[in-house]
Amino acid sequence: MKKSIIYLGVALVAFVNVSLASNSVQNSFSNGKVVVSTFNTSALNTAIRKGDIETVKKFIEYGEDVNKMSNELTPLMTAARYNQAEIIKVLLSNGADIDAKNEKGFTALRYAELSNAKDAVALLKRN
């Protein structure tokens, strides 16, 4: 009986860990000793981070807002941060605001500079 309970407990812990890992939720909190941090971002920003230009185009085609903040970043800021030059071109041609600032006062160009994303910096300076 004890072994069954232990196995069930281990299975439950493993299942919860997999469930939490698959969710995209960014929150940091502390209960005194343990700090838990998870990640919350839009599907568009996730596709941008991965460099999936076709998915980015589909999201835009289906009406995704190219200026919507997600986890304090617009899609253009995300593309700049991850040096996704081709995606930056797509976003700009679809109305992304190059001068948008987040709560920290950072623009897409600033994120590109902080990330040493040379292609993104060059492209954003031209526009």
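Here the structure is a predicted model, which is why all the values come from computation and not from measurement. (Residues numbered from 1 in each chain as written. Predicted model: local features only at pLDDT ≥ 70, side-chain atom pairs only at ≥ 80, totals over all residues. Heavy atoms only, no water.)

## Topic: the overall build of the chain
Working step 1: Counting its secondary structure elements, the chain contains seven helices and two strands.
Working step 2: For the chain, the succession of helices and strands along the chain, N to C, is α-β-β-α-α-α-α-α-α.
Working step 3: By residue count, 29% of the 127 residues in the chain fall in the buried class.
Working step 4: Sequence-distant contacts in the chain: of pairs separated by 6 or more residues, those separated by 24 or more amount to 52%.
Working step 5: When the accessible area of the chain is evaluated, it comes to approximately 8500 Å², of which 54% is carbon and sulfur surface. (Helix = DSSP H or I, 4+ residues; strand = E, 2+ residues; numbered from the N terminus. Buried < 20%, exposed > 50% of the residue type's maximum accessible area, 1.4 Å probe, protein only. Contact = heavy atoms within 4.5 Å. Areas by Shrake-Rupley, 256 points an atom, 1.4 Å probe, with all protein chains shown as cover.)

## Details of the environment of K125
Working step 1: For K125, the location among the structural elements is in helix α7 (residues 118–126).
Working step 2: Linking K125 and L109, residues 16 residues apart in sequence, is a C-alpha distance of 7.5 Å.
Working step 3: Not counting chain neighbours up to four residues away, the residues in contact with K125 comprise L109 and E113.

## Quick notes on unusual backbone geometry
Working step 1: In this structure, N71 is a non-glycine residue whose phi angle is positive, near 55°.
Working step 2: One can find N71 in the loop between α3 (53–61) and α4 (75–81).

## Observations regarding the packing of aromatic side chains
Working step 1: As enumerated under the stated definition, the model contains one aromatic pair in all.
Working step 2: With a centroid separation of 5.4 Å and an interplanar angle of 75°, the aromatic rings of F106 and Y111 are classed as edge-to-face.
Working step 3: Owing to a relative accessible area of 23%, F106 belongs among the partly exposed residues under this scheme.
Working step 4: When its relative accessible area of 9% is taken as the criterion, Y111 is described as buried. (Phe/Tyr/Trp six-rings, centres within 6.5 Å; stacked < 30°, edge-to-face > 60°.)

## Remarks on the nonpolar core
Working step 1: With 25 residues, the main nonpolar core has I88 and L91 as its most contacted residues.
Working step 2: Elements supplying a minimum of two residues to this core: α2 (43–50), α3, α4, α5 (85–93), α6 (108–114) and α7.
Working step 3: Examining the composition of this core, we find that five residues originate from one element, α5, more than from any other.
Working step 4: For I88, the residues in contact, after removing those within four places along its chain, are L76, A79, A80, A120, L123 and L124. (Core = buried A, V, L, I, M, F, W, Y, C linked by side-chain atoms within 4.5 Å.)

Function cannot be read off these values alone, since they describe shape.
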